Amino acid sequence: MVQRKLAVTGTHSVGKSTLAYKLALKEKKGGQSVHVIQERVRFSPFPINNDMSIETCIWACCNQISKELEAAQRGFSVLISDRTPFDTFAYAAYNGLYRLEELEKFALNWLNTYDQIFHVRPDTNHTPHSDGVRDTDLHFIMSVDEILKDLLSKHPKKIIELTTSQVFAEDI
């Protein structure tokens, strides 16, 4: 049975996966059984990044929730989600896609299912590395980050902010 559910949010290429696996290691050292739910959008059959569509947004949000629900049934004591279903709406806003208000509200409310949310933000030392999937344009990354920060401010849950440099430098 899931005792704790953690989420790592942020724009792409800022160290979310690194943080998720650092958190998982810490939990495992504490004797917990842990499952990391990997980011789903890279598997999208629809365009991502600057070419994102309404279909991408719906697919990414619903697929993330589906994977979290499936993982919750597997008997792990801690689930760590490398992204939230809400993240996709920052990309939608960047691309001028505003016709999904009800799904956005649902995804915002989904944040209540997490016991803790970590928001990883790019900092002045941020240099994105190409993974062959995500856009490395720094303006795009910083713009999505600012939109996500604004969107997350609508949620009352305390969110722990970390910078990319902190994720890679600190023992979490």
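Residues numbered from 1 in each chain as written. Predicted model: local features only at pLDDT ≥ 70, side-chain atom pairs only at ≥ 80, totals over all residues. Heavy atoms only, no water.

**Considerations on the overall build of the protein**
Filter applied, for reference: For helices the rule is a DSSP run of H or I covering at least 4 residues; for strands it is a run of E covering at least 2, with both sets numbered from the N terminus onward. Note on classification: 1.4 Å probe, protein chains only; a residue is buried when its accessible area is under 20% of the maximum for its type, exposed when over 50%, partly exposed between these limits.
A count of helical and extended segments in the protein gives six helices and five strands. What you see in the protein, going N to C, is helices and strands ordered as β-α-β-α-β-α-α-β-α-β-α. Along the longest, intermediate and shortest principal axes, the C-alpha atoms of the protein span 45 × 35 × 30 Å. Per-residue burial for the protein yields a buried fraction of 50% across its 172 residues.

**Looking at unusual backbone geometry**
Of note, Ser 13 is a non-glycine position whose phi angle comes to about 65°, a positive value. According to the relative accessible area criterion, Ser 13 is partly exposed, its value standing at 26%. Non-glycine residue Arg 83 carries a positive phi angle of around 120°. Tracing the backbone through its elements, the reader meets Arg 83 in the loop between strand S3 (78-82) and helix H3 (88-94). Judged by relative accessible area, which is 6%, Arg 83 ranks as buried.

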